[in-house]
Amino acid sequence: MSSTQTLSRAQARRIALAAQGFLDPVHAVPTLRTFDRTLARTGLLQVDSVNVLQRAHYMPLYSRMGAYDVDLLRRASAGRQRRVVEYWAHVQAFMPVELWPAMRHRMDHHRSRRGKWFSVAEDDALEAALLAEIADRGPSTARELDDGLPRSRDHWGWNWSRTRQMLDFLFTTGDLAIEGRNSQFEIRYDLAERVVGSELAHAPALSATDAHVELVRRAARSHGVASAHCLADYYRLNIHQARTAIEVLLEAGELEPVQVEGWARPAYLHHEARVPRRVAARTLLSPFDPVVWERARAEAIFDFRYRIEIYVPAAQRVHGYYVLPFLLGDRIVARVDLKADRPTRRLLVQGVFAEPGAPAATAAELAVELWRLAGWLGLDEIEVAPKGDLAPALVAEISARAAS
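Residues numbered from 1 in each chain as written. Predicted model: local features only at pLDDT ≥ 70, side-chain atom pairs only at ≥ 80, totals over all residues. Heavy atoms only, no water.

**Details of the sheet that holds strand β8 (residues 255-260)**
Step number 1: Read across the sheet, 4 strands follow the order β1-β8-β9-β7 without closing on themselves; strand pairing throughout is mixed. Each edge of the open sheet is held by one strand with a lone partner, namely β1 (6-7) and β7 (225-227).
Step number 2: With 3 bridges connecting them, β7 and strand β9 (residues 267-270) associate as antiparallel partners. Looking at the pairing, A226 lines up with Y268 of β9.
Step number 3: Sheet contacts for helix α13 (residues 239-251): β8 and β9; angle to β8, the most-contacted strand, approximately 110 degrees. (Pairing = 2+ DSSP bridges. Helix = DSSP H or I, 4+ residues; strand = E, 2+ residues; numbered from the N terminus. Contact = heavy atoms within 4.5 Å. Axes fitted to C-alpha atoms, helices over the stretch in contact; angles between N-to-C directions.)

Encoded structure:
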């Protein structure tokens, strides 16, 4: 493909969806092999604690693999054969464990700044004591290690003890890693070499330049086609770092410059990207799915303006608290505010809205998807609130399927 090639917006959508795994054949029973294939597409899985429907890191797997046993992710993130480990890769995310050396430059940066969000006061005694305690007792939560020191209220929403601050610092520097989480979603910290293995923990760090090239390479593979800003955002590089890496990959022939219809910025096509004529997806996307997490990209590719409203006061929300885009074919055709009411085993549709130009079959297709989602979550009923222009049609479709 020449450097002057122009892609239509529809082609860009299909390339992006293919790169993210929406062309992969469905496995009747997803296995760790299915997981590996899906992770190779997404590159990482953003972690988020919100559990109103299902935690964010489980949803992209569902969107691509269908109903699967969530124990697959636990198995993939545990033991000597672990495939993924949590780190600050996009934001907090499961990333392939082999990326650890590529993150060492980021770890060194956090060490020099004494932390990620705010500076953690130097305290050699506390640092040494925590490392020694964890070395002795094994994976531990902050609560188990906290000595009761007073908690700071200087930062709203954090309220962390000195112990918790130091643990997070040691995690960002790579001295500690996340072995797992308990049933309350609390992090269990352990020595990095016991989590990722001695070989990776002590492997020579990639140079910053080599690390940036590797991260942009992976971002380009997961995006298919992307602007420099898209490529920078995937692993949270700055734009200068991304542009330098793009030049290396252009020279190597791994990226090709293209123009995308309607995009003001230059774009880059991964040399292995597929350009399918059709994508037959039907699924719901987490607000933290790589397809939509960069909001400007979602708008450029899908003409879909998306803002998460979790932190917006209830009275000011337009669409709802936890709103998922509905992907049908190669377009986002609706958005739906969902909640899993686990005590009553109901999937609550608290609002549902069609996108401009949504096909007539949108409500029927969404009903099929909602019943699939409910089954995966172990919910028996779907209840649709009368909010949103698609609600009446969806009520009729849900009722018809419940009766059949």
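**Observations concerning the side chain of R55**
Step number 1: Tracing the backbone through its elements, the reader meets R55 in the loop between β2 (45-46) and α3 (59-65).
Step number 2: Buried within the structure, R55 lacks any salt-bridge partner; its nearest side chain of opposite charge belongs to D48, at an N-O separation of 7.1 Å.
Step number 3: Those residues within four positions of R55 in sequence are excluded, and the remaining contacts are D48, S49, V50 and F185. (Buried < 20%, exposed > 50% of the residue type's maximum accessible area, 1.4 Å probe, protein only. Lys, Arg positive; Asp, Glu negative; His and termini not counted. Salt bridge = Lys/Arg side-chain N within 4 Å of Asp/Glu carboxyl O.)

**Some thoughts on the pairing of β8**
Step number 1: Sheet topology places β1 next to β8; 2 bridges connect them, and they run parallel. In the strand pairing of β8, L7 is matched with V260.
Step number 2: In this structure, β8 lies alongside β9, joined through 4 bridges in antiparallel fashion. When the bridges of β9 are listed, E256 appears paired with L269.
Step number 3: Connecting the antiparallel pair β8 and β9 is a turn made up of 6 residues, with G262 showing a positive phi of about 85 degrees.

**As for helix α1 (residues 9-19)**
Quick reminder: α-helices carry 3.6 residues per turn. Residues three or four places apart thus point the same way.
Step number 1: Most of α1 sits inside the fold, with 8 of its 11 residues counted as buried.
Step number 2: Within α1 the residues assigned to the buried category are A12, R13, R14, I15, A16, L17, A18 and A19.
Step number 3: Within two residues after α1, G21 carries a phi angle of roughly 100 degrees, on the positive side.

**With respect to the sheet that holds strand β3 (residues 84-88)**
Step number 1: The 3 strands are arranged β2-β4-β3 in an open sheet whose pairing can be described as antiparallel. Of all the strands in the sheet, the pair left with one neighbour each is β2 and β3.
Step number 2: In the sheet, β3 pairs with strand β4 (residues 92-96) via 5 bridges, with the strands oriented antiparallel. Considered in β4, the bridge of W88 is made with Q92.

**A look at the environment of P276**
Step number 1: Within the secondary structure, P276 is located in the loop between β9 and β10 (281-284).
Step number 2: Exposure remark for P276: the relative accessible area of 12% places this residue in the buried category.
Step number 3: Sequence-distant contacts of P276, defined by excluding residues within four places in its chain, comprise R14, I15, A18 and L23.

**Section: the packing of aromatic side chains**
Think of a pair of aromatic rings as described by two things: how far the centres are apart, and how the planes are tilted against each other in angle.
Step number 1: Following the criterion strictly, the structure yields 7 aromatic pairs and no others.
Step number 2: Taking the centre distance of 5.1 Å and the plane angle of 55 degrees together, the rings of Y234 and W293 count as tilted. Separated by 59 residues along the polypeptide, Y234 in helix α12 (residues 228-234) and W293 in the loop between β10 and α14 (295-302) bring together distant segments of the chain. Residue Y234 shares its accessibility class with W293, and that shared class is buried.
Step number 3: Among the aromatic residues, those joined into a ring-pair cluster are Y62, Y68 and W376.
Step number 4: One cation-aromatic arrangement involves R55 over F185; the distance from NZ or CZ to the ring centre is 4.2 Å. (Phe/Tyr/Trp six-rings, centres within 6.5 Å; stacked < 30°, edge-to-face > 60°. Lys NZ or Arg CZ within 6 Å of the ring centre and 35° of its normal.)

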